[in-house]
Amino acid sequence: MTGAVSRRRGLRLAAVAAMALVVQLLPGSGMSARGQEARKTLAYDCVLPSGTRRVEVAVAATFPARGAVASPIEPTSAGVTVRLPADVVGELLPEATAALSGTASLATEVTQGGQRAQAQWADLTAAETPRLQDTDVELLFTGDVPQVTVDSAGDVTFAARELELALAPGEGSEPARVSCAPAPGADTLLATVLVAAPAAPDATAEPDGTAEPDGTDRPPPGVQAGPAPRAATGECPAEPPGGSLDPERLPEVPAGAEVTENEPTSLCAVPVGFATIRKLKGSTIVNDPRGPRVGLMHLAFNTREVAAPGYHEYDHLGRIALPDAESTFLTFGIQPTTAKVRFEAGPATIVNVVREGRPTTTSVGYYQHLRLYDVRVGGVPLPVGPRCRTARPIDTRLTGTYPVSSGGLLEGELEIPPFTGCGTAGEDLDALFTGAISGPGNALRIQQGRVCTGSSCRNAIPKPPDL
């Protein structure tokens, strides 16, 4: 009897711990989007032909609040804003320069204890920016930055170091190159990430025969920096998906419009972004482009057209296939927790409307269930059962201002229904998950990539939008 009571108490404690992990699981990829936003404005000394000049540089990025040994720490939304005084621009570029663009490379120093490594934020690019005479020019350089791994617990610090600029007055022009360094005494610390120690092995656990051989698959020594692995996609199928458009998600046909049913084309697009759980005040990344594989939205492109004077509507059918999410993180900062979530989405109706004199609009609507499985707290299974999912489908409605073919930003809010079927052996966890996350007002921001065919989709993975 005592053993049974202890087991039930253990399951209840594990269930309480599960409340802290839900924000990591729903409805995104299982990787936390929450972190610490760092922005620091620094004085840099730049070497010009006439001598050294002081320039204002702002470095911004989002760093994870916590990390784990041997798991990548990757800054996101990285940007370097350089404010160039008017006379500096005049010295570096021709007098007739009306706009300038360029590239930047910022060295960052990553430190943990006595270990150091340099992570080069290389190939950051700035879009063409107008230049007005006798006016300072501000250039924002953005791009992907390296991930970092460490082999031990402890604070990991990121600090800004040397900055290299290549400024071009126009396409095809030879850029002016400038080397800059932080001014003496500048506080260059950008962020500190706490890396927790891995959980101690359970001395009472039976060996499973899968212990790694000495020297195999262990993290490299010290601090390691390198490019983030590029996600892969499957090939876009040659045949369009089957199914029907949802009439409830189609706009009213204008009077006198001509409606044409078409033989659709098979195209695909990659959707990535963020979902925010209002109750938990946290966000998760959807279809993480840093993961090993990203899912596709398979389109029956141009299934139907509606044409009227000043109005043209293109309707597409979509099938969204996101990979199951798997997450490993620390609950309460000490308890390793893993879980998986499956997205069970129905067909999507995508409506693209072009009106004369108005912006092009896109709407995407579909229903989906969210299913939880394989939940473990401290390596101990939390039995949620095979039917732990939302009690009814989530009505997902997103809108944006862009044509589907080129891709763009979609936004909307979700109401997450209660959960049902969660728990086994007399442990009912429905109320736990329902109380933790169910309810209205959960924001969703998705960047749809441009349409693609065949294997070209691997080059059509967009960057996630800003939170």
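Remember, it's a predicted structure, so these values are computed and weren't measured experimentally.

1. Focus: the overall build of the protein
Piece 1. Each helix and strand in the protein was counted, giving 3 helices and 28 strands.
Piece 2. When each of the 467 residues of the protein is scored for burial, the buried share is 45%.
Piece 3. Taking contacts inside the protein between residues at least 6 apart in sequence as the whole, the part at least 24 apart equals 73%.

2. Description of the side chain of N442
Piece 1. For N442, the position within the fold is in strand 28 (residues 439-448).
Piece 2. At a separation of 2.9 Å, a polar atom in the side chain of N442 contacts the main-chain amide nitrogen of R278.
Piece 3. In this structure N442 touches T276, I277, R278, G412, E413, L414, E415, I416 and I437, once residues within four positions along its chain are discounted.

3. A short note on the state of the cysteines
Piece 1. Scanning the entire structure with this criterion turns up 4 disulfides.
Piece 2. Between the sulfur atoms of C46 and its disulfide mate C180 the distance is 2.1 Å. Across the S-S bond linking C46 and C180, the dihedral sits near 105°, which makes this disulfide right-handed. Pair noted here: C46 is in strand 1 (residues 36-48) and C180 is in strand 10 (residues 176-182), with a separation of 134 residues, a long-range link.
Piece 3. Owing to a relative accessible area of 3%, C46 belongs among the buried residues under this scheme.
Piece 4. The disulfide bridge from C452 ends at C457, spanning 2.1 Å between sulfur atoms. Its S-S torsion of about 100° marks the bond between C452 and C457 as right-handed, since a negative value means left-handed. Neither residue differs from the other here; C452 and C457 are each classed as buried.
Piece 5. Ordinal numbering of bonded cysteines along the protein defines a disulfide pattern of 1-2, 3-4, 5-6, 7-8.

4. Quick word on the pattern of salt bridges
Piece 1. Enumeration according to the criterion identifies 15 salt bridges in this entry.
Piece 2. A salt bridge links E344 to R389, with the shortest nitrogen-to-oxygen separation between them at 3.1 Å. Separated by 45 residues along the polypeptide, E344 in strand 20 (residues 335-345) and R389 in strand 24 (residues 389-390) bring together distant segments of the chain.
Piece 3. What makes R389 partly exposed here is its relative accessible area of 26%.
Piece 4. The closest approach of N and O atoms between E411 and R445, which form a salt bridge, is 2.4 Å. Of the two residues, E411 is situated in strand 26 (residues 408-416) and R445 in strand 28; the sequence distance between them amounts to 34 residues.
Piece 5. Three or more residues are tied together by salt bridges with common partners; here these are D246, R249, D395 and R397.

5. Re the environment of A345
Piece 1. Here A345 shows up in strand 20.
Piece 2. A residue is classified by how much of its surface remains accessible, and A345, at 28% relative accessible area, is partly exposed.
Piece 3. Between the alpha carbons of A345 and R319 there is a distance of 7.8 Å; along the sequence they are 26 residues apart.
Piece 4. Excluding anything up to four places from it in sequence, A345 contacts I320, Y366, Y367 and Q368.

6. Considering the packing of aromatic side chains
Piece 1. In total, this model carries 1 aromatic pair according to the counting rule given.
Piece 2. For the cation-ring pair, R249 lies above Y367, with the distance from its terminal atom to the ring centre recorded as 4.4 Å.

7. Concerning the nonpolar core
Piece 1. Judged by nonpolar contacts, the single largest core of 48 residues is most densely connected at F63, V82, L84, W121, F141, L163 and L165.
Piece 2. With 6 residues, strand 9 (residues 154-168) is the single largest residue contributor to this core.
Piece 3. Look past the residues within four positions of L163 in its chain and what remains in contact with it is Y44, V57, V80, V82, A104, S105, L106, V178, S179 and C180.

8. Section: the side chain of Q368
Piece 1. In this fold, Q368 is placed in strand 22 (residues 361-377).
Piece 2. With relative accessibility at 8%, the residue Q368 sits in the buried group.
Piece 3. Discounting chain neighbours no more than four positions away, the residues touching Q368 are F343, E344, A345, T390, P393, I394 and T396.

9. Some thoughts on the pairing of strand 8 (residues 147-150)
Piece 1. Of the two faces of strand 8, the one lined by Q147 and T149 and the one lined by V148 and V150 are each fully buried.
Piece 2. Where strand 8 meets strand 12 (residues 223-226), 4 bridges bridge the pair, whose relative direction is antiparallel. Paired with V150 across the bridge in strand 12 is V223.

10. Comments concerning the confidence of the model for the protein
Piece 1. Residues of the protein with pLDDT of at least 70 account for 82%, and the chain-wide mean is 82.
Piece 2. Low pLDDT, under 50, characterises residues 1-33; the stretch is placed with 87 contacts to residues that sit more than four places away or in other chains.
Piece 3. For residues 202-219, every residue scores under 50 in pLDDT, and the model assigns this stretch 4 contacts once sequence neighbours within four places are set aside.

Rules of the game
- Residues numbered from 1 in each chain as written.
- Predicted model: local features only at pLDDT ≥ 70, side-chain atom pairs only at ≥ 80, totals over all residues.
- Heavy atoms only, no water.
- Helix = DSSP H or I, 4+ residues; strand = E, 2+ residues; numbered from the N terminus.
- Buried < 20%, exposed > 50% of the residue type's maximum accessible area, 1.4 Å probe, protein only.
- Contact = heavy atoms within 4.5 Å.
- Polar contact = N/O pair within 3.5 Å; in protein donor to acceptor, adjacent residues only side chain to side chain.
- Disulfide = S-S within 2.5 Å.
- Salt bridge = Lys/Arg side-chain N within 4 Å of Asp/Glu carboxyl O.
- Phe/Tyr/Trp six-rings, centres within 6.5 Å; stacked < 30°, edge-to-face > 60°.
- Lys NZ or Arg CZ within 6 Å of the ring centre and 35° of its normal.
- Core = buried A, V, L, I, M, F, W, Y, C linked by side-chain atoms within 4.5 Å.
- Pairing = 2+ DSSP bridges.
- pLDDT = per-residue confidence, 0-100.

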